[in-house]
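Chain and residue survey
The primary structure of each chain is shown beneath.
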Amino acid sequence: SVIGNDHPSPCYNALKMSLEILLARSAGFCFGVKKAIEKAETLDGEVPIFGYLIHTPQEVERLRAKGKRNVHELSDVGSGRVVVTAHGLDIHKLDSLKDGQREVIDTTCPLVTRIYREGWKMQDKGARVVIIGDPDHVEVKGIASRMKDPIIVYHEEDLERVPTDRPIGIICQSTLLMEKWKKFTDLLTSRCRVIDAVDTICKPTKDRQSAAEELAQSVDVMLVVGGYNSSNTSKLREVCARYLGEARTHHIERPEEIVPDWFSDDMRVGVTAGASTPDYVIQAVIERVRALDPVSVVE
Ligand code: SF4
């Protein structure tokens, strides 16, 4: 039975459960986001960040307190320095930032610039580039803006828009779900002239997805920690829900969102986190669950 169910407003500290907490073997900050934050932090004074460097609200607030606030319009950038985020920027916006004689501190991850290069190589071979990814995401906009007449596909019905009579090359967003890459490339290969397909999901994303998948199969409930608008955190939630269902997969941004009713005695609790979730947030989540009287934490 779920402890706390009999108590409409359960007192957090009054609950005593034996819980085992397991942290996914790969979770939290990737090297790309870590490097970008370190770079931004070393800049003295007020320097705007164009878009979101990361999606975890606590980290956004921490950087803002250090004078690194997020701006979303060119007109809000001012005339000094500006940081471009780890997932890159639309080339036209980047050019406008540079045209304004600003100093652009570009923290685009090398695993994102690799995607640009793969796309250009396909174009050199005469292929039209198909990008699998979220058309509203800054990274996908950045990739698309560097290609000649690219096609962005995100939903299965989008595949209908891909021409079948001319060569195409396929690349994808660095944080795409691995299953989606396979499914979409299989479908495209079966009906189009695919001359090249390069899986450009980055290794940290793959590691986090595989680790979450593995852990979700051996626990009773999963906590997925990260910003609600973080692309790779949502993918981790999707991976875990595949095994545990939506009811036992909880995507949270902050430890305070943990609800004691999610747990019952002798449960195994899995914890994973997106690539833009700092360690201190993951640890705070673990501590919050530990307060329910866990047996141990397995790293
Ligand atoms: Fe780079 Fe991958 Fe991290 Fe994005 S998720 S910043 S592509 S390492």
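Refer to the structure above for everything that follows.
These numbers come from a predicted model, not from an experiment.

**Considering the site of the ligand**
The environment of the ligand is made up of Cys30, Phe31, Gly32, Val33, His87, Cys109, Leu111, Val112, Ser174, Cys202, Pro204 and Thr205. In terms of residue count, helix α1 (residues 31–42) provides more of the shell around the ligand than any other element does, three residues in total. Counted by class, the shell around the ligand contains eight nonpolar, four polar and no charged residues.

**Examining the pairing of strand β5 (residues 103–106)**
In terms of strand pairing, strand β4 (residues 81–84) meets β5 through four bridges, oriented parallel. Looking across to β5, one finds that arginine 81 is bridged to glutamate 103.

**Remarks on unusual backbone geometry**
Positive phi, normally seen in glycine, also occurs at aspartate 149, with a value near 50 degrees. Residue placement: aspartate 149 occurs in the loop between α5 (138–145) and β7 (151–153). Although it is not a glycine, aspartate 266 adopts a positive phi angle of roughly 70 degrees. Within the element layout of this structure, aspartate 266 appears in the loop between β11 (249–252) and β12 (267–273). By relative accessible area, aspartate 266 is classed as exposed at 60%.

**Focus: the sheet that holds strand β9 (residues 193–197)**
In space, the four strands of this open sheet follow the order β7-β6-β8-β9, with parallel pairing throughout. Each end of this open sheet is capped by a strand with a single partner; those strands are β7 and β9. Sheet twist, expressed as the mean angle between neighbouring strand axes with direction ignored, is 30 degrees. Pairing geometry for strand β8 (residues 167–172) and β9, over four bridges, is parallel. Residue pairing across strands places isoleucine 168 opposite valine 194, the latter belonging to β9. Packed onto the sheet, helix α4 (residues 110–124) meets β6 (128–132), β8 and β9 and runs at close to 175 degrees relative to β8. Its contacts with the sheet put helix α6 (residues 178–191) on β6, β7, β8 and β9, and the angle it makes with β8 is roughly 175 degrees.

Each value, and the rule that gives it
- Residues numbered from 1 in each chain as written.
- Predicted model: local features only at pLDDT ≥ 70, side-chain atom pairs only at ≥ 80, totals over all residues.
- Heavy atoms only, no water.
- Near = heavy atom within 4 Å.
- Helix = DSSP H or I, 4+ residues; strand = E, 2+ residues; numbered from the N terminus.
- Nonpolar A, V, L, I, M, F, W, Y, C, P; charged D, E, K, R; others polar.
- Pairing = 2+ DSSP bridges.
- Buried < 20%, exposed > 50% of the residue type's maximum accessible area, 1.4 Å probe, protein only.
- Axes fitted to C-alpha atoms, helices over the stretch in contact; angles between N-to-C directions.
- Contact = heavy atoms within 4.5 Å.

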